[in-house]
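Breakdown of the fold
The lines below spell out each chain.
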Amino acid sequence: MSNFEHHIEVHNLSTWFGKKHILKDITCYFKDNTITAIMGPSGCGKSTLLRSLNRLNDLVPSFRHTGIVLFRGEDIYGPGFSVYDLRTHIGMVFQKPNPFPMSVRDNITYGPKLHGTKDEDELEKIVETSLKKAALWDEVKDDLDHPAPNLSGGQQQRLCIARALSVDPPVLLMDEPVSALDPISATKIEELIVELKNDYTIILVTHNVQQAFRVSDQSAFLYLGELVEFDETKRILEAPTDSRTEAFITGRIG
Amino acid sequence: MTTQSISESPLRKIYGRLGLKDAVKSRRHLSDYLFKIILGMAIIIIVSPFFFVLFQVASIGFEQVFGTGPGQGIEFLFTFPGAGLEGGIRNAFVGTVELILLASAVGIPLSVFGAVYINEYTQPGKLRAIIEFTSDVLAGIPSIVFGAFGFAFLVDYLHIGMGIVAGSLTLAFMMIPTVLRTTQEALRAVPMSLREASLALGATKWSTTWNVTLRSAFPGVITGILLAIGRVMGETAPLIFTAGNSLSVPTEITGPGSWVASMPYTIWAYISDPRQYLQEKAHGTALALMMMVLAIDVIANLISRKVTRRLV
Ligand SMILES: Nc1ncnc2c1ncn2[C@@H]1O[C@H](COP(=O)(O)OP(=O)(O)O)[C@@H](O)[C@H]1O
Ligand SMILES: [Mg+2]
């Protein structure tokens, strides 16, 4: 493994969907054991940036990019780089809870089984630790064989977090993970995210300035595909250097 | 909740009973009342053919299928026809089961994998549009055309000859458009984000398709298969020129030994015969066939519901 300072670094990344230029020359990095918020108004490219990091944009045939994304010092778009390895090391949580239509247990064991864990005891242990880390264990420990889609929205989203943690990735990508939830579930998950910071490098897309302020250590502010500011969250929110950032923070845009 | 409490409320019951009285009160009530009557009549017209058919078939064929006399009931299904076509319809019963099993074994995997390939591994575009358009046209083509095609292509051109192979392949061709299109619809209904969640865990495309996408689409796929089996089970026309007929069951893969009877063919043959007891046997066969289709329907529904409960 080559030397690297941060798990993920982005150098001069530009992306297109067909002729549409989405991200424009983005350079930033994501510190380890830190929550980095990606903020910005709708459609500015937050999800696109996030999905460039685990190459989920590759699913869109018209996707093109220039620039470099480094994972542990290696170019993830480079020849010979395994996208499957990459995604095993980078977990993802989506905007809408999307548990598989299987039991709670099968949702968690899906990833480990894919990567060759067959031992039943080991799988059981993974189920328990993942659910505990996602603060869901106490609520579902007696219903592990129940269908996951029967859980409440907040529980489903925590199950999705547990599912992402099941393969023990050092990095977690979260795309507006609470925006589809009720306020109480949202608060619970926000607290959970802060707790997870101790063990994971978290990149959190959010539309919500208050949330970024409560949760994140550093922030990237995107506007129309440009990285307008990238610094400590506190500094950006208390003293924005760009008028566009200030307009977003004060609610005049977005 | 609200609708339930309204429909159960005593007010509503009184309204229902006094419908006619209210109707005289105002034009609004009158048109409401007339509309209800028209809807009711439509329902009766829609469902009555089913009961007429069932009644007609059962009134003549009931004794054959449910009677306890010699050669009736289970014996009717499991005795081969004898001299003068006396006896049972084992040849047709076994023939239909074998034809359907073979047709399904060929038609279902082809169409399910075809649908998976089209939906999951190709981009929307001209090719997909052409395939979908052709399937839709094929699904609407009269079954006699499939029979003619089966004869011209399988029996004649490929020299397969009449028999169980040509017959079941023709039925398989008939199943493909239905299963293909319903599977496509079921796959389309699976949210993109489920596939993404699997891929984001490092799964391969194939593993995602098999373990997540197809699994989620399973109830829909089952429904399509059921529809297709129900449709081809009762078809006579595709078999007339392709399956031959037989008083026994096929013993060979090709040649006259592979000729096979089927229930719809037998119904057609017996009903065109003036002998009274063959009329009864034709109706008995029809009743048994209807019940088989119904049974498949119920079983598939149970499977689908069980899977749905486990999965969703
Ligand atoms: N699959 C896609 N194909 C084409 N355009 C897309 C696709 N996904 C996103 N876009 C476009 O990229 C832009 C940025 O989208 P996105 O990154 O989802 O924004 P955000 O997450 O900040 O709301 C939008 O204009 C959107 O329409
Ligand atoms: Mg987004």
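Residues numbered from 1 in each chain as written. Chains lettered and ligands numbered in written order. Predicted model: local features only at pLDDT ≥ 70, side-chain atom pairs only at ≥ 80, totals over all residues. Heavy atoms only, no water.

Looking only at helices and strands, one finds 10 helices and 10 strands in chain A. A globule of 254 residues ought to have a C-alpha radius of gyration of about 18 Å, and chain A, at 18 Å, matches this closely. For chain A, the spread of C-alpha atoms along the principal axes amounts to about 55 × 45 × 35 Å. Put simply, chain A has 254 residues, and 55% of those count as buried. Long-range pairs, those at least 24 residues apart, make up 68% of the contacts in chain A between residues at least 6 apart in sequence. Accessible surface, chain A as shown: approximately 11100 Å² in total, 47% of it carbon and sulfur. Positive and negative charge centroids in chain A, built from 27 and 36 side chains respectively, lie 6 Å apart. (Helix = DSSP H or I, 4+ residues; strand = E, 2+ residues; numbered from the N terminus. Rg over C-alpha atoms; globule rule 2.2 N^0.38 Å. Buried < 20%, exposed > 50% of the residue type's maximum accessible area, 1.4 Å probe, protein only. Contact = heavy atoms within 4.5 Å. Areas by Shrake-Rupley, 256 points an atom, 1.4 Å probe, with all protein chains shown as cover. Lys, Arg positive; Asp, Glu negative; His and termini not counted. Charge placed at Lys NZ, Arg CZ, Asp CG, Glu CD.)

With respect to the helices and strands, Phe52 of chain B occurs in helix α4 (residues 27–66). As for Phe52 of chain B and Ala189 of chain B, which are separated by 137 residues in sequence, their C-alpha atoms are 37 Å apart.

Residues and elements named next belong to chain B. Taken domain by domain, chain B comprises domain 1 (3–66) and domain 2 (84–309). If you average the C-alpha positions of domain 1 and of domain 2, the two centres end up 36 Å apart. Each partner contributes residues to the interface: domain 1 has 11 residues there, and domain 2 has 10 residues. Surface buried jointly by domain 1 and domain 2 totals about 890 Å² across both partners, of which 82% is contributed by carbon and sulfur atoms. For domain 1, the biggest contributors to the area lost against domain 2 are Val57, Ile60 and Gln64; these three give 51% of the whole. For the pair domain 1 and domain 2, the number of links is 1 residue pair in polar contact (both at pLDDT 80 or more). Among the residues forming the side of domain 1 that touches domain 2, the class breakdown is 8 nonpolar, 3 polar and no charged. (Domains from an automatic or database assignment. Buried area = accessible area lost by both parts, 1.4 Å probe. Polar contact = N/O pair within 3.5 Å; in protein donor to acceptor, adjacent residues only side chain to side chain. Nonpolar A, V, L, I, M, F, W, Y, C, P; charged D, E, K, R; others polar.)

One recurring pattern in soluble globular proteins is that nonpolar side chains are buried together. Within the largest apolar cluster, 89 residues are counted, with the highest numbers of intra-cluster contacts made by Ile8 and Ile203 of chain A. The leading source of residues in this core is helix α6 (residues 90–121) of chain B, at 10 residues. Each of domain 1 (3–66) and domain 2 (84–309) of chain B gives at least three residues to this core. Excluding anything up to four places from it in sequence, Ile8 of chain A contacts Tyr29, Phe30, Leu53, Val69, Leu70, Phe71, Ile90, Val171 and Ile203 of chain A. Counting residues in each nonpolar core, the second largest holds 32 residues, with Val104, Leu151, Ala164 and Ala186 of chain A among its members. (Core = buried A, V, L, I, M, F, W, Y, C linked by side-chain atoms within 4.5 Å.)

Right, let's get into the interface of chain B and chain A. On the chain A side, the residues contacting the 23 residues of chain B number 28 residues. Between chain B and chain A, roughly 2000 Å² of surface is buried when both sides are summed, and carbon and sulfur atoms account for 65% of that area. In terms of surface lost to chain A, no three residues of chain B exceed Glu196, Ala200 and Leu201 of chain B, which account for 31% of the buried area on that side. Two residues, Arg51 of chain A and Glu196 of chain B, come together in a salt bridge whose shortest N-O distance is 2.6 Å. (Salt bridge = Lys/Arg side-chain N within 4 Å of Asp/Glu carboxyl O.)

The subject of this paragraph is the packing of aromatic side chains. Evaluated as defined, the whole model comprises 13 aromatic pairs over all chains. Pairing Phe100 of chain A with Tyr110 of chain A gives two aromatic rings, centres 4.7 Å apart and planes at 55°, and the pair type is tilted. Of this pair, Phe100 of chain A sits in the loop between β6 (90–93) and α3 (104–114) while Tyr110 of chain A sits in helix α3, and the two are 10 residues apart along the sequence. Just as Phe100 of chain A is buried, Tyr110 of chain A falls in that class too. Ring centres of Tyr265 of chain B and Trp268 of chain B lie 5.6 Å apart, and the angle between their planes is 70°; this geometry places the pair in the edge-to-face category. With Tyr265 of chain B and Trp268 of chain B both in helix α13 (residues 263–271) and 3 residues apart, the pair spans about one turn of that helix. Residue class for Trp268 of chain B comes out partly exposed when judged on its relative accessible area of 44%. The positively charged end of Arg163 of chain A is found above the aromatic ring belonging to Phe100 of chain A, 4.3 Å away from the centroid. The aromatic ring of Tyr121 of chain B is capped on one face by Lys205 of chain B, whose charged end is 4.8 Å from the ring centroid. (Phe/Tyr/Trp six-rings, centres within 6.5 Å; stacked < 30°, edge-to-face > 60°. Lys NZ or Arg CZ within 6 Å of the ring centre and 35° of its normal.)

Let us now look at helix α7 (residues 183–196) of chain A. For α7 of chain A, built from 14 residues, the straight-helix expectation of 20 Å at 1.5 Å per residue is met to within 8% by its first-to-last C-alpha distance of 20 Å. Buried residues belonging to α7 of chain A abut β3 (35–39), α4 (120–133), α6 (153–165), β7 (171–175), β8 (201–206) and α8 (209–215) of chain A. (Expected span 1.5 Å × (residues − 1).)

Right, let's talk about the pattern of salt bridges for a bit. Taken as a whole and assessed by the stated rule, the structure comprises 21 salt bridges over all chains. One salt bridge connects Lys141 of chain A with Asp138 of chain A, and the closest N-O pair in it is separated by 3.8 Å. For Lys141 of chain A, a relative accessible area of 37% corresponds to the partly exposed category. Note that Asp231 of chain A is salt-bridged to Arg235 of chain A, the shortest N-O span being 2.8 Å. Residue class for Arg235 of chain A comes out partly exposed when judged on its relative accessible area of 27%. One salt-bridge network, in which partners are shared between bridges, spans Glu132, Asp136, Arg181, Glu185 and Arg188 of chain B.

Residue and element names in this part refer to chain A. Between its first and last C-alpha, α4 extends 20 Å over 14 residues, near the 20 Å set by a 1.5 Å rise per residue. All of the buried residues along α4 are Leu123, Ile126, Val127, Ser130 and Leu131. When α4 is viewed along its axis, its buried side chains cluster within an angular range of 115° and face the same direction. Residues Asp121 and Lys125 are exposed on α4 and point more than 90 degrees away from its buried face. On its buried face, α4 is in contact with α3, α5 (137–140) and α6. (Arc of directions from axis to C-beta.)

A word on the site of ligand 1. Residues and elements named next belong to chain A. What surrounds ligand 1 is the set Phe17, Lys20, Ile22, Pro41, Ser42, Gly43, Cys44, Gly45, Lys46, Ser47, Thr48 and Val60. Between ligand 1 and the protein, one listed contact pairs an oxygen atom with a side-chain N or O atom of Lys20 at 3.4 Å. Cys44 has a polar backbone atom sitting 3.3 Å from an oxygen atom of ligand 1. Here ligand 1 has 560 Å² of accessible area as a free molecule, and 64% of this is covered by the chains. Only β2 (20–30) and α1 (46–53) provide two or more residues apiece to the shell around ligand 1. When residues in the shell around ligand 1 are grouped by element, the largest group, 3 residues, is from α1. Along the lines of polarity and charge, the residues of the shell around ligand 1 split into 5 nonpolar, 5 polar and 2 charged. (Near = heavy atom within 4 Å.)

What follows is about the packing of α6 of chain B against helix α9 (residues 164–188) of chain B. All names here are of chain B. Packing of α6 against α9 leaves a shortest axis separation of 6 Å and a crossing angle of 35°. Both α6 and α9 take part in a crossing whose hand is right-handed. Looking at the contact of α6 with α9 residue by residue, the class counts come to 20 nonpolar, 9 polar and 3 charged. (Axes fitted to C-alpha atoms, helices over the stretch in contact; angles between N-to-C directions. Left-handed = near helix turned anticlockwise from the far one by under 90°.)

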